[in-house]
Amino acid sequence: TYLRDILIHDMAMQCFPNLPCLDYKFVILYIDGQYWGIYAIREAFSATHYANHFGYDVDTVSSWKCLWDRNTPAGQACEFALNNDLPNEENFTYVSQHLEMDSLIGWTILQAWCANYDCNPSNVRYFYSSEDEMMHFGLSDLDLGMFTHDLFDVPLYGSVNDGMRNNYDFNILARKVFANRGYQLRMAQQHGDAFRGAMGD
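Small disclaimer: the values here were computed from a predicted structure and weren't measured.

1. Quick word on a negative patch on the surface
And then number 1: A contiguous patch of negative charge on the surface is contributed by D57, D59, E131, D132 and E133.
And then number 2: Along the chain, the position of D132 falls in the loop between β4 (125-129) and β5 (134-138).
And then number 3: By relative accessible area, D132 is classed as partly exposed at 36%.

Laid out in structure tokens, this is it:
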């Protein structure tokens, strides 16, 4: 319980620097001399957090939960991806101008690695800046990763436990992008690098 979410965010910090995630510090809490347990003080996902970590002006940043804002260039690119073939390089190039692919790669690998039981829209975060009109996937709420049986393909198809296989837009988006050969090779390279590094230790 104390380690699952923190372990996966730690893997993200070491292996996938373009994936927004949350740093932490363990503390032991005493109140009036009485022991209250071990806590992890965490960074908070916010526009300020994203701006500070990725070098944006905070006034240009939006953070979204569940679904991207369809009225932004990034949101429009995501909607385009849902409805078009991305093995087509022209289509893929357009989408990659607004969707930070390395953040999606890291998110996909880590969700699969821990077979996240709780991979659903309310636990998916997106960050966007109007400075470059780019959206990052964010890593959030993995305390039910490594929790019970699920499938490694949850980022592409959804959890087997919530009855929503194949129905979430973020799953469809991840599958559509994954159909591009160059993206597959890029993911394979980053996957191999991660397992030769912190994820394989």
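2. Here's the deal with the packing of helix α1 (residues 4-15) against helix α5 (residues 101-114)
And then number 1: Here α1 crosses α5 at 145°, and the two axes come no closer than 11 Å. Crossing of α1 over α5 shows right-handed handedness. Note on element contacts: α5 touches α1 through L110, W113 and C114, opposite L7, I8, M11 and A12.
And then number 2: Its residues assigned to classes, the contact of α1 with α5 shows 7 nonpolar, no polar and no charged.

3. Let's talk about the pattern of salt bridges
And then number 1: For the structure on display, the rule yields 5 salt bridges.
And then number 2: For R196, the salt bridge is made with D193, and the minimal N-O distance between the two is 2.7 Å. Of the two residues, R196 and D193 are both situated in helix α8 (residues 181-196); the distance of 3 residues between them amounts to about one turn of the helix.
And then number 3: For R196, a relative accessible area of 63% corresponds to the exposed category.
And then number 4: Residue classification places D193 among the partly exposed residues on the basis of a relative accessible area of 40%.
And then number 5: Overlapping salt bridges bring together R70, E79 and D169 as one network.

4. Observations regarding the packing of α5 against α8
And then number 1: α8 packs onto α5 with a crossing angle of 60° between their chain directions and a minimal axis gap of 10 Å. What the angle tells us is that α5 and α8 run oblique. Handedness of the crossing formed by α5 with α8: right-handed. Contacts from M101, D102, L104, I105, T108, I109 and W113 in α5 reach Y183, R186, M187, Q190, H191 and F195 in α8.
And then number 2: Among the residues making up the contact of α5 with α8, the classes are represented as 8 nonpolar, 3 polar and 2 charged.

5. A short note on the packing of aromatic side chains
The way to describe two aromatic rings as a pair is by their centre distance and the angle between their planes.
And then number 1: Within the structure shown, the criterion is met by 14 aromatic pairs.
And then number 2: Geometrically, the ring pair formed by F80 and Y94 is edge-to-face, given 5.0 Å between the ring centres and 90° between the ring planes. Taken together, the residues F80 in helix α3 (residues 73-83) and Y94 in helix α4 (residues 89-96) connect sequence positions 14 residues apart.
And then number 3: Judged by its relative accessible area of 24%, F80 falls in the partly exposed class.
And then number 4: Pairwise contacts between aromatic rings join W68, W107, Y126, F137, Y168 and F170 into one cluster.

6. Describing the environment of F195
And then number 1: Position of F195 among the secondary structure elements: in helix α8.
And then number 2: Dropping the residues within four chain positions of it, F195 is found in contact with W113 and G200.

7. Describing the pairing of strand β2 (residues 34-42)
And then number 1: By the bridge criterion, 8 bridges tie strand β1 (residues 24-31) to β2 in an arrangement that is antiparallel. Considered in β2, the bridge of L29 is made with G37.
And then number 2: Between the end of β1 and the start of β2, which pair antiparallel, lie 2 residues, with D32 showing a positive phi angle near 50°.

So, how was this worked out
Residues numbered from 1 in each chain as written. Predicted model: local features only at pLDDT ≥ 70, side-chain atom pairs only at ≥ 80, totals over all residues. Heavy atoms only, no water. Patch = residues over 30% accessible without salt bridge, like charges linked within 9 Å, V, L, I, M, F, W, Y side chains within 5 Å. Areas by Shrake-Rupley, 256 points an atom, 1.4 Å probe, with all protein chains shown as cover. Salt bridge = Lys/Arg side-chain N within 4 Å of Asp/Glu carboxyl O. Lys, Arg positive; Asp, Glu negative; His and termini not counted. Charge placed at Lys NZ, Arg CZ, Asp CG, Glu CD. Helix = DSSP H or I, 4+ residues; strand = E, 2+ residues; numbered from the N terminus. Buried < 20%, exposed > 50% of the residue type's maximum accessible area, 1.4 Å probe, protein only. Axes fitted to C-alpha atoms, helices over the stretch in contact; angles between N-to-C directions. Left-handed = near helix turned anticlockwise from the far one by under 90°. Contact = heavy atoms within 4.5 Å. Nonpolar A, V, L, I, M, F, W, Y, C, P; charged D, E, K, R; others polar. Parallel < 35°, antiparallel > 145°, perpendicular 65-115°, else oblique. Phe/Tyr/Trp six-rings, centres within 6.5 Å; stacked < 30°, edge-to-face > 60°. Pairing = 2+ DSSP bridges.

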